[in-house]
Amino acid sequence: MNDSPRDQSLTLRSIELRVVVLPQHEVFRSAVGERHHRRALLVLWHDANGAVGVGECSCRPDPFYSGEFVDGAQIVLERFAQPLIAAAGSRGELNLGAVEKALGRIRGWPFTTAAVLDAACDLLRRIGGRDYLDGLAVREPRVPVGISLGLFPDTESAVRRLGEEVEQGYRRIKLKIQPGLKLDHLRAIRRRFPDLCLGFDANGSFGEDGLDFLVALAELEPAMLEQPFGPDRWDLLTELRRRSPELPLCLDESIHGLGSLRLALEIGVIDELNLKPGRVGGPAVTAALLDESRRRGLPVWIGGMFETSIGRRANLRVAARVEGATAHDLSPSSRYFTRDLVVPPVAMDADGRIELDEAPVELDRASLDELTVERRIVP
Ligand code: OSB
Ligand code: MG
């Protein structure tokens with residue numbers, strides 16, 4: 001067998017795109033929008049021998065978190081990704097490295113190209129090959145998890161819900177925040193849970209006029225404040241750091257790859273990284289960012305995009321390769337959807353951990369077909 005995962009050969013017969021709609025247990029509200037169900041895009045890579053690998057494109061249905069959205073992703077895959085891979089295949093034997101290089105010509109669209117790479121890696125693992133993660137040591141086979149909770153209509157419902165989630169065993173609770181939220185609301189929550197590992201995620205919703213509010217958050221001693229400003233507002237991050245040096249900053253939307261991570265470290269505005277493998281373009285960049293963070297002593301945890309179990313099981317494999325994380329944004333299946341696409345569901349123990357399962361996911365074909373609302377084959 002060849003040494004690098006990139007050298008492994010694979011064939012492409014077709015790429016199948018499926019849009020699925022999963023009913024959620026509850027409406028999820030954040031600064032970027034309100035969601036009643038999850039409309040997700042699945043990429044299925046069919047090889048010449050009838051084997052198939054699956055990857056989830058975890059972008060939102062609208063361009064409100066990042067520039068990508070489900071319908072746009074399908075156009076990019078059909079018009080550009082598949083033709084680039086097919087052209088690479090017609091020039092010689094196709095391997096994972098060639099697929100990566102072909103997709104590398106596409107600027108932006110990291111969630112979309114990552115889904116193709118995930119599907120290719122999943123296929124390779126099913127036919128006896130390896131992906132990038134197989135080369136990284138498993139450091140936490142029982143992965144610690146936290147929950148990301150949407151905006152609440154009032155303090156009482158927030159306090160009640162936090163109590164329930166603490167009871168479930170979650171190791172961190174992350175609350176969505178946005179401009180207009182009262183500091184007293186958050187103070188009241190903190191008073192009820194003084195020792196809780198509590199973080200706040202603003203999804204880039206604050207601007208210059210939000211600085212005073214964010215500076216005041218430090219009195220609540222949050223575990224971290226995630227993505228207070230828009231993805232490229234390094235100026236405001238620097239200002240917030242200057243005015244409130246003790247407030248731990250976590251970046252999500254701002255970090256696209258090695259360049260933005262090194263910049264954030266250089267100017268001293270990152271204390272922890274919310275790493276979403278899709279946001280950075282997939283497994284290879286994810287592995288590079290894990291390595292860089294470890295070298296620089298930067299704490300990392302794996303974030304979520306409300307994935308179906310297909311994407312969450314993929315994220316779980318990454319999370320198990322992170323050492324010493326407080327908690328990853330990876331809840332069990334029961335927290336998200338009334339129906340799911342894989343068997344068995346992802347479960348969490350009373351200690352707030354999810355056991356690593358390295359096996360390729362077993363698709364529940366009947367559910368998959370029933371929940372599919374669009375399907376096309378790109379030959
Ligand atoms: O900012 O971390 C975020 C979901 C969709 C888009 C952005 C974010 C989130 C979450 C959900 O916080 C985390 C999860 O999947 O449980
Ligand atoms: Mg976030």
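Anything mentioned here points back to the structure above.
Parameters and conventions
Residues numbered from 1 in each chain as written. Chains lettered and ligands numbered in written order. Predicted model: local features only at pLDDT ≥ 70, side-chain atom pairs only at ≥ 80, totals over all residues. Heavy atoms only, no water. Helix = DSSP H or I, 4+ residues; strand = E, 2+ residues; numbered from the N terminus. Buried < 20%, exposed > 50% of the residue type's maximum accessible area, 1.4 Å probe, protein only. Areas by Shrake-Rupley, 256 points an atom, 1.4 Å probe, with all protein chains shown as cover. Lys, Arg positive; Asp, Glu negative; His and termini not counted. Charge placed at Lys NZ, Arg CZ, Asp CG, Glu CD. Donors = N, O, S within 2.8 Å, 3.2 Å for Na, K, Ca; no water. Near = heavy atom within 4 Å. Polar contact = N/O pair within 3.5 Å; in protein donor to acceptor, adjacent residues only side chain to side chain. Nonpolar A, V, L, I, M, F, W, Y, C, P; charged D, E, K, R; others polar. Contact = heavy atoms within 4.5 Å. Salt bridge = Lys/Arg side-chain N within 4 Å of Asp/Glu carboxyl O. Expected span 1.5 Å × (residues − 1). Bend = angle between axes of the 7 residues up to and from the residue. Pairing = 2+ DSSP bridges. Axes fitted to C-alpha atoms, helices over the stretch in contact; angles between N-to-C directions. Parallel < 35°, antiparallel > 145°, perpendicular 65-115°, else oblique.

A. View of the overall build of the protein chain. Looking only at helices and strands, the protein chain features 11 helices and 15 strands. When the backbone C-alpha atoms are referred to their principal axes, the protein chain occupies close to 60 × 45 × 35 Å. Classification of the 379 residues of the protein chain by burial places 58% in the buried group. Carbon and sulfur atoms make up 49% of the accessible area of the protein chain, which totals about 15,600 Å². Counting 49 positive and 57 negative side-chain charges, the protein chain places the averaged centre of each group 2 Å from the other.

B. Representation of the coordination of the magnesium ion (ligand 2). Donor atoms from the polypeptide that coordinate the magnesium ion (ligand 2) comprise Asp201 (OD), Glu226 (OE) and Asp252 (OD), at 2.0 to 2.3 Å from the metal. Look at where the donors of the magnesium ion (ligand 2) fall in the sequence and you get D-x24-E-x25-D. One end of the pair, Glu226, is in strand β8 (residues 224-226); the other, Asp252, is in the loop between β9 (249-251) and α8 (258-266), and 26 residues separate them in sequence. Accessibility assignment for this pair places Glu226 and Asp252 in one class, buried.

C. Molecular detail of the site of ligand 1. Of all residues adjacent to ligand 1, which total 16 residues, the nearest are Ser148, Asn203, Lys276, Phe306 and Tyr336. Contact distances for ligand 1 include 3.2 Å between an oxygen atom and a side-chain N or O atom of Asp252. For ligand 1, the accessible surface in isolation is 390 Å², of which the surrounding protein chains cover 98%. Residues belonging to the shell around ligand 1 are distributed by class as follows: 4 nonpolar, 4 polar and 8 charged.

D. Up close: the side chain of Ser260. Structurally, Ser260 is set in helix α8. In contact with Ser260, other than residues within four places in its own chain, are Trp234, Ser254 and Ile255.

E. Molecular detail of the pattern of salt bridges. By the definition in use, this model includes 46 salt bridges. Linking Asp329 and Arg172 is a salt bridge whose minimum nitrogen-to-oxygen distance equals 3.4 Å. A residue pair is termed long-range when its members are at least 10 positions apart, and Asp329 in the loop between α10 (309-319) and β12 (342-343) and Arg172 in the loop between α4 (155-168) and β6 (173-176) qualify at 157 residues. A relative accessible area of 7% places Asp329 in the buried class.

F. Broad picture of the environment of Pro277. Relative to the helices and strands, Pro277 resides in the loop between β10 (272-275) and α9 (283-296). Sequence separation of Pro277 and Val166 is 111 residues, and the distance between their C-alpha atoms is 27 Å. In this view, Pro277 contacts Ala114, Gly282, Thr286, Ile302, Asn315 and Val318; residues no more than four positions away in its chain are not counted.

G. Quick look at helix α1 (residues 70-90). With 21 residues, α1 extends 29 Å from end C-alpha to end C-alpha; this agrees with the ideal 30 Å at 1.5 Å per step. Helix geometry: α1 is bent most strongly at Leu77, by close to 40°. Regarding α1, the residues found buried are Val70, Gly72, Ala73, Gln74, Val76, Leu77, Ala81, Gln82, Leu84, Ile85 and Ala88. Along its buried surface, α1 packs onto β1 (14-30), β2 (33-46), β3 (52-57), α2 (96-103), α3 (110-126) and β15 (372-378).

H. Focus on the sheet that holds β1. If you trace the 4 strands from one edge of the open sheet to the other, you get β3-β2-β1-β15, paired in antiparallel fashion. Each edge of the open sheet carries a strand with a single partner, namely β3 and β15. Averaged over all pairs of adjacent strands, the angle between strand axes in this sheet comes to 25°, irrespective of strand direction. Two strands pair when backbone bridges link them, and β1 and β2 are joined in this way by 13 bridges, in the antiparallel orientation. Across the sheet, Phe28 pairs through a bridge with Arg35, a residue of β2.

I. The arrangement of the packing of α2 against α3 in detail. Here α2 crosses α3 at 175°, and the two axes come no closer than 10 Å. Judged on the interaxial angle alone, α3 and α2 are roughly antiparallel. Contacts from Leu96, Val99, Glu100 and Leu103 of α2 reach α3 at Thr113, Val116, Leu117, Ala120, Cys121 and Leu124. The residue inventory of the contact of α2 with α3, partitioned by class, reads 8 nonpolar, 1 polar and 1 charged.

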